[in-house]
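# Examination of the molecular architecture
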Amino acid sequence: MEQELEKELKQMCNLSEAIEEKALEKGLKKGIKQGFSRGKAQGIAKGKTQGISQGIRLTKRVLRLAGEGLSESDIAAACAVTMRQVHEILAD
């Protein structure tokens with residue numbers, strides 16, 4: 001009787017270990033997925049912020065060059081942007 005009880009106890013321990021391992025595996029996958037999603041969102045937000053900063057710097061440069069008397073085509077060449085972009089900045 002004691003051996004049978006010991007055998008059943010071992011089976012229960014093995015089962016609980018298997019359940020724990022499966023739960024850890026599932027949790028790890030979920031954590032990685034959440035971390036990836038958060039990292040992606042943070043990267044997008046940072047990219048937008050940098051894009052805004054670059055736009056501000058471009059606008060300042062275009063306005064400065066226009067103030068120095070350069071033509072729209074010269075400003076576009078100096079800033080490596082299209083004449084349309086220069087025109088839009090100067091029109092605002």
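Residues numbered from 1 in each chain as written. Predicted model: local features only at pLDDT ≥ 70, side-chain atom pairs only at ≥ 80, totals over all residues. Heavy atoms only, no water.

## Quick notes on the overall build of the chain
We apply this condition: Numbered from the N terminus, helices here are DSSP runs of H or I no shorter than four residues, and strands are runs of E no shorter than two. Two things to know: the radius of gyration comes from C-alpha atoms, and the globule rule equals 2.2 Å times the number of residues to the power 0.38. Classification of residues uses two cut-offs on accessible area relative to the type maximum, computed with a 1.4 Å probe and protein chains only: under 20% is buried, over 50% is exposed, and between them is partly exposed. Every accessible area reported is derived by Shrake-Rupley at a probe size of 1.4 Å, with residue values counting cover from the shown protein chains alone. Only four residue types enter the tally: Lys and Arg on the positive side, Asp and Glu on the negative side; His and the chain ends are excluded. For the purpose of locating charges, the reference atoms are NZ of Lys, CZ of Arg, CG of Asp and CD of Glu.
Helix and strand content of the chain: three helices and zero strands. Taking 12 Å as the expected radius of gyration for a compact globule of 92 residues, we find that the chain reaches 32 Å, considerably beyond that expectation. Overall, the chain is about 100 × 15 × 15 Å in size when its C-alpha atoms are taken along their principal axes. The buried share of the chain, reckoned over its 92 residues, is 9%. For the chain, the accessible area works out to roughly 8,100 Å², and carbon and sulfur atoms hold 58% of it. Distance between charge centres in the chain, computed from 16 positive and 13 negative side chains, equals 9 Å.

## Details of the environment of Q3
Among the structural elements, Q3 can be located in helix α1 (residues 2–67). When the C-alpha positions of Q3 and G39 are compared, they lie 53 Å apart, and in sequence the two are 36 residues distant.

## Here we look at the pattern of salt bridges
The condition that has to hold: Here, a salt bridge means any Lys or Arg side-chain nitrogen found within 4 Å of an Asp or Glu carboxyl oxygen.
Considering all chains together, one arrives at two salt bridges under this definition. Across the salt bridge formed by R64 and E68, the nearest N and O atoms sit 3.2 Å from each other. Two residues, E88 and R84, come together in a salt bridge whose shortest N-O distance is 3.2 Å. Remark: R84 and E88 occur in helix α3 (residues 83–91); sequence separation between them is four residues, near one turn of the helix. Overall, R84 belongs to the exposed group, its relative accessible area being 63%.

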